[in-house]
Amino acid sequence: MSLVKTLPLLLGLSAALGSVSAWALPNDNEQPIRIQANEAQLDDKQGVATYKGDVIITQGSMKITGNTVTITRNPAGEIDVVTSVGNLAYFEQLQKATDPKPVQAYAVTIQYHAPQNRIVLIDKAKVINDGNTTEGEKIVYDTVKQVANAGRANGSQVTAPRPRIDMVIQPKKKTDPQKAQ
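One numbering rule holds for all chains: residues counted from 1, following each sequence as written. Thresholds applied to this predicted model are a pLDDT of at least 70 for local features of residues and 80 or more for the giving and counting of side-chain atom pairs; totals over whole chains, interfaces and linings are not thresholded and use all residues. To obtain the side-chain values, all non-hydrogen atoms of the structure were used and water was disregarded.

**Q** Sorry, what's going on with the side chain of Thr-109 here?
**A** Elements are defined by DSSP. Helices are runs of H or I of four residues or more, strands are runs of E of two residues or more, and each kind is numbered from the N terminus. With respect to the helices and strands, Thr-109 occurs in strand S6 (residues 103-113). For this analysis, residues touch if any pair of their heavy atoms sits within 4.5 Å. Discounting chain neighbours no more than four positions away, the residues touching Thr-109 are Thr-83, Ser-84, Val-85, Val-120, Leu-121 and Ile-122.

Quick look at the structure:
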């Protein structure tokens with residue numbers, strides 16, 4: 001498929017991936033997007049691009065991996081949903097340039113709903129942020145409000161049912177007055 005036909009899709013993907021601003025470095029959305037996969041199928045008429053086989057998508061500090069990544073666009077050509085499926089699909093992104101530890105997310109299915117600025121992790125969902133962890137069947141994160149909800153994946157078949165959420169919250173590190181001097 002020619003670059004002219006795929007360019008609108010890639011530009012739309014850039015807008016979608018770059019707008020995960022709550023988890024992103026300020027200039028991540030200005031970085032080039034690199035997509036690596038064993039196969040790619042692009043259907044501009046339907047607004048769907050599917051990448052298969054050890055898919056790796058990077059943009060700045062952001063990385064998404066999965067066995068299959070599907071990107072859908074709405075009729076206006078804007079990104080609607082990016083879905084990564086794997087065993088396990090993976091997402092990471094730095095929050096601050098001064099913090100070398102990225103936010104990491106794992107799940108069988110990771111969906112980014114661009115219009116709602118929402119990331120949904122389904123089945124074996126886990127988020128790791130600065131040593132704190134949240135695990136459950138389903139975790140939904142609003143990237144604008146920076147609000148997470150975790151619970152059961154109602155209506156979804158899950159491979160590892162978890163009737164309860166499991167969280168680990170690390171204690172705040174106290175600064176030693178002598179070390180500060």
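**Q** Sorry, what's going on with a nonpolar patch on the surface here?
**A** Residues Ile-165, Met-167 and Ile-169 make up a contiguous nonpolar surface patch of roughly 310 Å² in combined accessible area. Locating Met-167 in the fold gives a position in strand S10 (residues 166-168). Each patch is built from salt-bridge-free residues with over 30% relative accessible area, joining like charges within 9 Å and nonpolar side chains (Val, Leu, Ile, Met, Phe, Trp, Tyr) within 5 Å. The accessible surface values rely on the Shrake-Rupley method and a 1.4 Å probe; as for residues, cover is taken only from the protein chains in view. Salt bridges, as used here, are contacts in which a Lys or Arg side-chain nitrogen is within 4 Å of a carboxyl oxygen on Asp or Glu.

**Q** I would appreciate a short explanation of the nonpolar core in the present structure.
**A** Note that soluble globular proteins tend to have their nonpolar side chains buried in a common cluster. Each nonpolar core is a collection of buried residues, namely Ala, Val, Leu, Ile, Met, Phe, Trp, Tyr and Cys, held together in the definition by side-chain atoms within 4.5 Å. Remark: exposure states derive from per-residue accessible area (1.4 Å probe, protein chains only) relative to the maximum for the residue type, with buried under 20%, exposed over 50%, and partly exposed in between. Counting residues in hydrophobic clusters, the biggest one holds 23 residues, and the most contacted among them are Phe-91, Ile-110 and Leu-121. Every element with two or more residues in this core is listed here: strand S3 (48-59), strand S4 (62-73), strand S5 (79-93), S6 and strand S7 (118-129). Among the elements that make up this core, the one with the highest residue count is S6 (five residues).

**Q** Whenever I open this one, the pattern of salt bridges confuses me. Can you help?
**A** Oppositely charged side chains are able to pair whenever their charged atoms sit close together. Overall, the coordinates contain five salt bridges when judged by the stated rule. The partner of Glu-137 in a salt bridge is Arg-152, with the nearest N and O atoms 3.1 Å apart. Taken together, the positions of Glu-137 in strand S8 (residues 132-142) and Arg-152 in the loop between strand S9 (147-151) and S10 put the pair 15 residues apart, joining distant regions of the chain. Arg-162 is paired through a salt bridge with Asp-166; the nearest N and O atoms lie 3.9 Å apart. The class for Arg-162 is partly exposed, based on a relative accessible area of 24%. Residue class for Asp-166 comes out partly exposed when judged on its relative accessible area of 35%. In this structure, a network of salt bridges that share partners links the residues Glu-135, Arg-162 and Asp-166.

**Q** How should the environment of Thr-72 be read in this particular structure?
**A** Along the polypeptide, Thr-72 turns up in strand S4. Spatially, the C-alpha atom of Thr-72 lies 6.5 Å from that of Val-82, the residues being ten residues apart in sequence. In contact with Thr-72, not counting residues within four places along its chain, are Gly-47, Val-48, Glu-78, Ile-79, Asp-80 and Val-81.

**Q** Any chance you could explain the pairing of S7 here in plain terms?
**A** In summary, the side chains of a regular strand alternate between the two faces of the sheet. Strand pairing is assigned whenever DSSP detects at least two bridges linking the two strands. As paired elements, S6 and S7 share eight bridges and run antiparallel to each other. When the bridges of S7 are listed, Ile-110 appears paired with Leu-121. Hairpin geometry of S6 and S7 is characterised by an intervening segment of four residues between the two adjacent antiparallel strands and by a positive phi of about 50 degrees at Asn-117. Relative to S8, S7 is paired through ten bridges, and the arrangement is antiparallel. Note on S8: the bridge partner recorded for Asn-129 is Asn-132. What sits between the antiparallel neighbours S7 and S8 is a turn of two residues, in which Asp-130 has the positive phi angle 55 degrees.

**Q** Would you mind going over unusual backbone geometry with me for this structure?
**A** Glycine aside, residues mostly have negative phi angles, and peptide bonds mostly take the trans form. Of note, the bond from Asn-87 into Leu-88 is cis; its omega dihedral lies within 30 degrees of zero at 5 degrees. The residue Leu-88 is located in strand S5 in this model. If you check the backbone angles, Lys-124 has positive phi at about 60 degrees while not being a glycine. The residue Lys-124 is located in strand S7 in this model. According to the relative accessible area criterion, Lys-124 is partly exposed, its value standing at 35%.

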